[in-house]
Amino acid sequence: MGGRISNCTSYSTITIGDNVGSCVFVGGIVGALQDGSTDNCHSYASIVVGDDAEFIMGFGGIAGTSEGGGCITNCFSSATIVVGENYSSCEHIGGIVGHVEGGLISGNIAMNCIIPGIDDYAGAITGGPFNDVIHANNYYSNCTVGLNIDDIGCRGSDIAANDGAVKATILLENEAAPASIAGGEKVVFRREFKQGVSSTVCLPVAIDESLASAAGKFFTFAGVDMTDPDDWTVVMQEVAGNNMVDGDLEANTPYLFIPDADGAVLFIGEADGSSVTAGSATNGNWTFKGTYESIEWNAGNADLGKIYGFAAQKYEAPDNDGDSNPDYVINPGKFVKAAAGASIAP
């Protein structure tokens, strides 16, 4: 009872043979979640049930069931669930969770999930309509439910209104953005962060700042202070009221983002049909650039020596002076000059 499952990833293959009698509550991360929580987990699991099963209930990419006050939040599923032929009864199968009784299902993404068409209640997010469940900000893309692509409806019941899931263009970590996104399309830009570590983000669509700021603080580029020749400092201005457009963080504009917590953040907006082209901001001789593609600066690159950025991870220089300590340490978020081998994700 209770407990928390956090920051887990599953690539498991779960195989259930032929002629099984009763099989309930199977998940890519957890089978049965009772009064506990699962957050920031990723499932690429494959769950396969053989032929001639008697009773199958509660299969999900993240959890088989969540009961009581259970919470499943900020999880990602690209699970495949297959049910064999000639079963007697099969119900409640979902890309995130199959069976739910109470609790919260929020901030989850189902992408490329394959969910079988069964007797009752199958969906890209949850496996059916349930009472006393709070659904919020769940998104899906390119999921197959039965024979229907991007259909969150159930055989026997329509759960579209019940679970509040929204079809969206979903852009994941390390995934390049498309050149354009159709106007009116909901866009979910998902990124993983470490609490307090500075990161650059460039948003493909305008984002309501009041919603985005709940996850951390945003800053615009205001130059580089070179007063101390040995310790240059990037200067940023916190985003607030008068330097925003209609209360939004602007599309294609690079920002410095400092998150309030570890884990996934969903930046959610609506495309206006404009091209998706990463922009920049210039102050003096310095240009702060955004990117929607991966970049790596290898030895011999002409830009080396001119590229600076924010360190993504801790680096300890080798001990060359014999004092048993690294010669220097670079902590995550530090503004540093890029060396050969440096890279940046979209």
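Here is what the cut-offs are and how they apply
As a convention, each chain's residues are numbered from 1 in the sequence order in which they are written. Reporting in this predicted model follows two pLDDT cut-offs: at least 70 for local features of residues, and 80 or more for side-chain atom pairs to be given and counted; totals over whole chains, interfaces and linings ignore these cut-offs and use all residues. Excluding hydrogens and water, the side-chain figures rest on all heavy atoms present in the structure. Runs of H or I in DSSP of at least four residues are treated as helices and runs of E of at least two as strands, each being numbered from the N terminus. Only protein chains enter the accessibility calculation, which uses a 1.4 Å probe; a residue whose area is less than 20% of its type maximum is buried, one above 50% is exposed, and one in between is partly exposed. Any two residues whose heavy atoms approach within 4.5 Å at even a single point are treated as in contact. Only the protein chains shown count as covering a residue, and every accessible area follows the Shrake-Rupley method with a 1.4 Å probe. Think of it this way: Lys and Arg go in the positive column, Asp and Glu in the negative one, and His and the chain ends go nowhere. Every charge is mapped to an atom, namely NZ of Lys, CZ of Arg, CG of Asp or CD of Glu. Aromatic contacts are taken between Phe, Tyr and Trp rings whose centres are within 6.5 Å, Trp giving its six-membered ring; a plane angle under 30 degrees counts as stacked, one over 60 as edge-to-face, and the others as tilted. Two limits define a charge over a ring: the Lys NZ or Arg CZ must be within 6 Å of the ring centre, and within 35 degrees of the ring normal. Paired strands are those between which DSSP finds at least two bridges. The quantity called pLDDT is the predictor's confidence in a given residue, expressed from 0 to 100.

**As for the overall build of the protein chain**
- In terms of regular secondary structure, the protein chain is built from 2 helices and 41 strands.
- Overall size of the protein chain, expressed as C-alpha extent along the three principal axes, is 75 × 55 × 35 Å.
- Within the protein chain, buried positions represent 45% of all 346 residues.
- Here the analysis covers contacts within the protein chain between residues at least 6 apart in sequence; of these, 74% occur between residues at least 24 apart.
- Split by element, the accessible area of the protein chain, about 16,200 Å² in all, is 46% carbon and sulfur.
- The distance from the centre of the 13 positive side-chain charges to the centre of the 43 negative ones in the protein chain is 9 Å.

**Some thoughts on the packing of aromatic side chains**
- Counting across every chain of the model gives 13 aromatic pairs.
- A centroid spacing of 6.3 Å and a plane angle of 40° characterise the contact between F189 and F267, whose relative ring orientation is tilted. Taken as a pair, F189 in strand β26 (residues 186-193) and F267 in strand β33 (residues 263-270) lie far apart in primary sequence, 78 residues in all. With respect to class, F189 is no different from F267; both count as buried.
- The interplanar angle of 75° and the centroid separation of 6.2 Å between the aromatic rings of F193 and F267 together place this pair among those described as edge-to-face. Of this pair, F193 sits in strand β26 while F267 sits in strand β33; the two residues are 74 residues apart in sequence, bridging distant segments of the chain.
- Residue F267 is classed as buried on the basis of its relative accessible area, which comes to 1%.
- An aromatic cluster of at least three residues, connected via ring pairs, comprises F189, F193, F218, Y255, F257 and F267.
- R191 extends its terminal NZ or CZ atom over the ring of F189, reaching a point 4.0 Å from the ring centre.

**A word on the pairing of strand β9 (residues 55-60)**
- Within β9, 5 of the 6 residues are buried, leaving the element largely enclosed by the surrounding structure.
- Both strand β4 (residues 22-27) and β9 contribute to a ladder of 5 bridges, which runs parallel. Counterpart to G27 in the pairing with β9 is G60.

**Observations regarding the sheet that holds strand β21 (residues 139-141)**
- Strand order in the open sheet made by the 6 strands is β2-β7-β12-β17-β21-β24, with parallel pairing throughout. Edge positions in the open sheet fall to β2 (9-10) and β24 (166-167), since each of these has one partner strand only.
- With 2 bridges connecting them, strand β7 (residues 42-43) and strand β12 (residues 76-77) associate as parallel partners. Along β12, the bridge assignment pairs S43 with S77.

**Describing the confidence of the model for the protein chain**
- In the predicted model, the protein chain carries a mean pLDDT of 85, and the fraction of residues at 70 or more is 91%.
- Note on residues 153-162: pLDDT under 50 across the span, and 27 contacts to partners over four residues away in sequence or across chains.
- This stretch, residues 242-246, has a pLDDT under 50; its non-local contacts, to residues over four places away or in other chains, come to 6 contacts.

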